[in-house]
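This is what each chain is made of:
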Amino acid sequence: MHTDVVPPHPLVIGGETIPRGKRVRLDLPVARMPTGTIMSLPVTVISGKKPGPRLWLSAAIHGDELNGVDIVRRVARAIQPHRLNGAVIAVPVVNIFGLLEQSRYLPDRRDLNRSFPGSVRGSMASRLAALFMKEVVSQCTHGIDLHTAAIHRINLPQVRADLNDPATYDFAKAFGAPVMIHSSHRDGSLRQAAAKRNIPTLLYEAGEALRFDEVAIQTGVDGIYRVMAYLGMYTPPVTVPPVTLEVRETRWVRASRGGIWHRTIALGDQVKQRQPLGFISDTFGDKPVQVRSPKAGIVIGHGQNPLVNQGDALVHIASGTAETGPEQ
């Protein structure tokens, strides 16, 4: 079990003091719409009977990435406050504007996950990022941000984190996703903003935009429970200790020409160097061009649209070493 500094009580969000042993639903005002309607950030806080770490769960920072919405729903509904040490702050939809439009972006066409830590006097994206940092991130000791692949792509369940940071490495290993990828921080991302506050943060990627994927969702739920057990927050159902592929390098295989892409491999497949991954042809199937893997590894993502242009990303390959998860 992991031990960490216990943050002081009381837990205050949106000006409301959250009592221990309670589940509280809050709506934090974000902006007024052109219709005059107030758009709010929905937050559920589960505060345990005893003190302990504070974990935030966030989803739909990109409004069309929906698997995390259901992951947060399932976890938040199942946790019982009297069995919890510390607190869970659950935000199932961060980008409520994008969710309504079924879009990755905010109405100002900004990517919210490139707008952190934000500013209360900035753009809509910047103001929403600042609100999230103040009311959620600043209250927590750890965080998990849930994503899917971008539109027209799909990802094998994976966590991305700064594996060079010991605390974050152990946090990622405890999650137990099939793949654990070292990923440096992107400018303006939530993960970067949290890291500057020394908060270990994981980015979970699984499935595709605008679709529910049961395997991706359940893998995320199980990983969150394992993390909570590792942090000493909650005792989840017994699960088999996972084996995780630790990855330091990934590579996208790209189309050498435009045409119709015929993929012959699937997510999770092990591939050898020079193994065929599929072929690109014209609309009649003439003049096919084989696409081969540049390296041995596992397929962690691929494009979903068979219509490709030269340079389009086709298959994402990762190479790494197997790691057994920590004892719970």
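Our subject is the structure listed above.
Bear in mind the structure is a predicted one, so any value in this text is a computation, not a measurement. (Residues numbered from 1 in each chain as written. Predicted model: local features only at pLDDT ≥ 70, side-chain atom pairs only at ≥ 80, totals over all residues. Heavy atoms only, no water.)

Enquirer: Describe in detail the pairing of strand 10 (residues 201-207), supporting the description with residues and values.
Expert: Burial runs high along strand 10: seven of the seven residues are buried. Direction of pairing for strand 7 (residues 142-147) relative to strand 10: parallel, over a ladder of five bridges. What sits directly across from His 147, in strand 10, is Glu 205. (Buried < 20%, exposed > 50% of the residue type's maximum accessible area, 1.4 Å probe, protein only. Helix = DSSP H or I, 4+ residues; strand = E, 2+ residues; numbered from the N terminus. Pairing = 2+ DSSP bridges.)

Enquirer: Outline the nonpolar core, supporting the account with residue identities and numerical values.
Expert: Formed by 38 residues in total, the largest nonpolar core has its most connected members in Ile 144, Phe 175 and Met 228. Every element with two or more residues in this core is listed here: strand 5 (50-59), helix 1 (67-78), strand 6 (85-91), strand 7, strand 8 (153-161), helix 4 (166-175), strand 10 and helix 6 (214-230). Among the elements that take part in this core, helix 6 stands out by supplying eight residues, more than any other. Apart from the residues within four sequence positions on either side, Met 228 is in contact with Leu 55, Ile 79, Leu 84, Val 88, Met 233 and Tyr 234. Within the second largest apolar cluster, 36 residues are counted, among which are Leu 41, Val 91, Phe 97 and Ala 129. (Core = buried A, V, L, I, M, F, W, Y, C linked by side-chain atoms within 4.5 Å. Contact = heavy atoms within 4.5 Å.)

Enquirer: I'd like a rundown of the packing of helix 4 against helix 6, residues and numbers included.
Expert: Closest axis-to-axis distance for the helix 4/helix 6 pair is 7 Å, and the angle between their directions is 130 degrees. Taken together, the axes of helix 4 and helix 6 lie oblique to each other. Handedness of the helix 4/helix 6 crossing: right-handed. Along its contact with helix 4, which presents Asp 170, Phe 171, Ala 174 and Phe 175, the element helix 6 presents Thr 219, Gly 220, Gly 223, Ile 224, Arg 226, Val 227 and Tyr 230. (Axes fitted to C-alpha atoms, helices over the stretch in contact; angles between N-to-C directions. Parallel < 35°, antiparallel > 145°, perpendicular 65-115°, else oblique. Left-handed = near helix turned anticlockwise from the far one by under 90°.)

Enquirer: Summarise the environment of His 62; cite the residues concerned and give the values.
Expert: Here His 62 is to be found in the loop between strand 5 and helix 1. The spacing of His 62 and Ala 150 is 88 residues in sequence and 8.9 Å in space, taken between C-alpha atoms. Excluding residues within four positions of it along the chain, His 62 makes contact with Asn 95, Ser 103, Arg 104, Asp 111, Asn 113 and His 147. Looking at His 62, its side chain comes within polar contact range of the side chain of Asp 111, at 2.8 Å. (Polar contact = N/O pair within 3.5 Å; in protein donor to acceptor, adjacent residues only side chain to side chain.)

Enquirer: So what's going on with the pattern of salt bridges? Residues and values would help.
Expert: In total, this model carries nine salt bridges according to the counting rule given. Notably, a salt bridge pairs Arg 25 with Asp 27, separated by 3.1 Å at the nearest N-O pair. The class for Arg 25 is exposed, based on a relative accessible area of 54%. On the accessibility criterion, Asp 27 (46% relative accessible area) is partly exposed. (Salt bridge = Lys/Arg side-chain N within 4 Å of Asp/Glu carboxyl O.)

Enquirer: I'd like to hear about the packing of aromatic side chains, residue by residue, with values.
Expert: Throughout the structure, instances matching the rule amount to four aromatic pairs. Look at Trp 56 and Phe 132: their rings are 6.3 Å apart centre to centre, the planes differ by 85 degrees, and that puts the pair in the edge-to-face class. Highlighted residues: Trp 56 in strand 5 and Phe 132 in helix 3 (residues 124-135), separated in sequence by 76 residues. Trp 56 gets classed as buried once you look at its relative accessible area, which sits at 0%. Ring geometry for Phe 175 against Tyr 204: centres 5.3 Å apart, planes inclined by 35 degrees, an arrangement best described as tilted. A residue pair is termed long-range when its members are at least 10 positions apart, and Phe 175 in helix 4 and Tyr 204 in strand 10 qualify at 29 residues. Look at Phe 175 and you get buried, because its relative accessible area is 0%. Note on Tyr 204: relative accessible area 1%, which makes it buried. One aromatic cluster is present, formed by Trp 56, Phe 116 and Phe 132 through successive ring pairs. Positioned above the aromatic ring of Trp 252, the side-chain terminus of Arg 153 is 4.6 Å from the ring centre. (Phe/Tyr/Trp six-rings, centres within 6.5 Å; stacked < 30°, edge-to-face > 60°. Lys NZ or Arg CZ within 6 Å of the ring centre and 35° of its normal.)

Enquirer: Got a sec to walk through unusual backbone geometry? Specific residues and values, please.
Expert: Residue Pro 117 is reached from Phe 116 by a cis peptide bond, and omega for that bond is 5 degrees. Mapped onto the elements, Pro 117 comes out in the loop between helix 2 (96-101) and helix 3. Backbone geometry at Gln 102 places phi at a positive 55 degrees, although glycine is not the residue there. You can see Gln 102 is positioned in the loop between helix 2 and helix 3. Positive phi is not limited to glycine here, since Asn 198 has a value of about 60 degrees. You can see Asn 198 is positioned in the loop between helix 5 (190-195) and strand 10.

Enquirer: Tell me about helix 1, residues and numbers included.
Expert: End to end, helix 1 covers 17 Å across 12 residues, agreeing with the expected 16 Å (1.5 Å per residue, within 8%). Within the sequence span of helix 1, burial applies to Asn 67, Gly 68, Asp 70, Ile 71, Val 72, Val 75 and Ala 76. (Expected span 1.5 Å × (residues − 1).)

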